Amino acid sequence: MLIWAVVFAVGVWFIGVPTSDPLIAFGWLWLATIAWRNHQPWRTHLRFLRDWLPIALLLVVYNVSRSWADDFFAPHVTPLIDADRAMFGWLTGGQVPTTWLQQHLYHPGVTPWWLAIVTLVYVSHFLTVPTIAVILWIRAREPWARFMRRWFTLCVLGLITYFLYPAAPPWWASMYGYLTPHVERISTNGWDVIGLHGAGNTLNALQVEQSNPVAAMPSLHTAWAMMAVAFFLPMVRKRWWPLLLAYPLAMTFTLVYTGEHYVIDVLVGWTYVAVVFLVVGRAERWWSSRLGSRGDE
């Protein structure tokens, strides 16, 4: 594991965080499982490819198709701005939370130390859920399967919404004159504090080249974070819930502050998580009861 950690750190230093291609991310995770269970025979390690390659390919399709989502309808801009102003304008003097936060906590050309934390929270989106899924895969297949069903249902619902309702984020709205004061996209600026300039440049390039700039509704960043936490809430004592819930809340602040999403995007993302857990949970109980009735026959 130490060897793996060193090689991974070197890769991040020179190339950047593996966020662009799910195959690369899962390749790193596969090597991590080999390092963790190096005493196991190769047949055991090859099971990872059997279980994960189809999933990684589906994520590749998701990433590629997501970039086409704005080809069918014009992006929605002002409804999101109006929603955030209606919810928070009384507190921010008529501004949306993004412009208010940047007005008070961001100064162009200045990179405070805490912006590194913001960037790390933002980038954790690309690694947290896959890492949790791999850990579950190692420990027990049944909870892994339940986690994966919720994850992919959430992704599918998000992708459908991107096609039907393309929505522009705050930085895009500001760039085209829909939103004032000006909003900077600063989600990766914290790499300069850490010294990982290569990682920042890589992620910035990917944001421009591979992402869909008008896929703000819903926010899958916060939806993934909330899903990862909600899955484990029934398994831990309630006194630990605030600690777990701090992660999706930190992701919410990060996305709103850095100009990536409006608050309304986050709330819709959380709603999607609740719907997915409700629908998938009922489907699992129905399937379990059906199998039980067959067994009785």
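Residues numbered from 1 in each chain as written. Predicted model: local features only at pLDDT ≥ 70, side-chain atom pairs only at ≥ 80, totals over all residues. Heavy atoms only, no water.

Help me out: how do you make sense of the packing of helix α6 (residues 115-139) against helix α11 (residues 220-230) in this one?
Helices that pack against each other are described as a pair by the angle of their axes relative to one another and the distance between those axes. Relative to each other, α6 and α11 sit at 40°, their axes nearing to 10 Å. Considered as vectors, α6 and α11 are oriented oblique to each other. In the packing of α6 onto α11, the handedness of the crossing is left-handed. Residues Tyr 122, His 125, Phe 126, Val 129 and Ile 132 of α6 form the contact with α11, whose participating residues are Leu 220, His 221, Trp 224, Met 227 and Ala 228. (Axes fitted to C-alpha atoms, helices over the stretch in contact; angles between N-to-C directions. Helix = DSSP H or I, 4+ residues; strand = E, 2+ residues; numbered from the N terminus. Parallel < 35°, antiparallel > 145°, perpendicular 65-115°, else oblique. Left-handed = near helix turned anticlockwise from the far one by under 90°. Contact = heavy atoms within 4.5 Å.)

Looking at this structure, I do not really get the pattern of salt bridges. What am I missing?
Oppositely charged side chains can pair when the atoms bearing their charge come close. Across all of its chains, the model carries six salt bridges by this definition. Residue Arg 149 pairs with Glu 284 through a salt bridge whose shortest N-O separation is 2.9 Å. With Arg 149 in helix α7 (residues 141-164) and Glu 284 in helix α13 (residues 263-296), this residue pair connects regions lying 135 residues apart in the sequence. The class of Arg 149 is partly exposed, set by a relative accessible area of 39%. Here Arg 150 makes a salt bridge to Glu 284, at a shortest N to O gap of 2.8 Å. Taken together, the residues Arg 150 in helix α7 and Glu 284 in helix α13 connect sequence positions 134 residues apart. For Arg 150, a relative accessible area of 6% puts it in the buried group. Overlapping salt bridges, with partners in common, bring together Arg 50, Asp 51 and Arg 141 in one network. (Salt bridge = Lys/Arg side-chain N within 4 Å of Asp/Glu carboxyl O. Buried < 20%, exposed > 50% of the residue type's maximum accessible area, 1.4 Å probe, protein only.)

Looking at this structure, how should I read the packing of helix α1 (residues 2-14) against helix α2 (residues 22-36)?
Contact geometry for α1 and α2: axes closest at 9 Å, N-to-C directions at 160°. In this view, α1 runs roughly antiparallel relative to α2, as classed from their interaxial angle. Classified by chirality, the crossing of α2 by α1 is right-handed. Contact residues: α1 offers Trp 4, Val 7 and Phe 8, while α2 offers Trp 28, Leu 31, Ala 32 and Ala 35.

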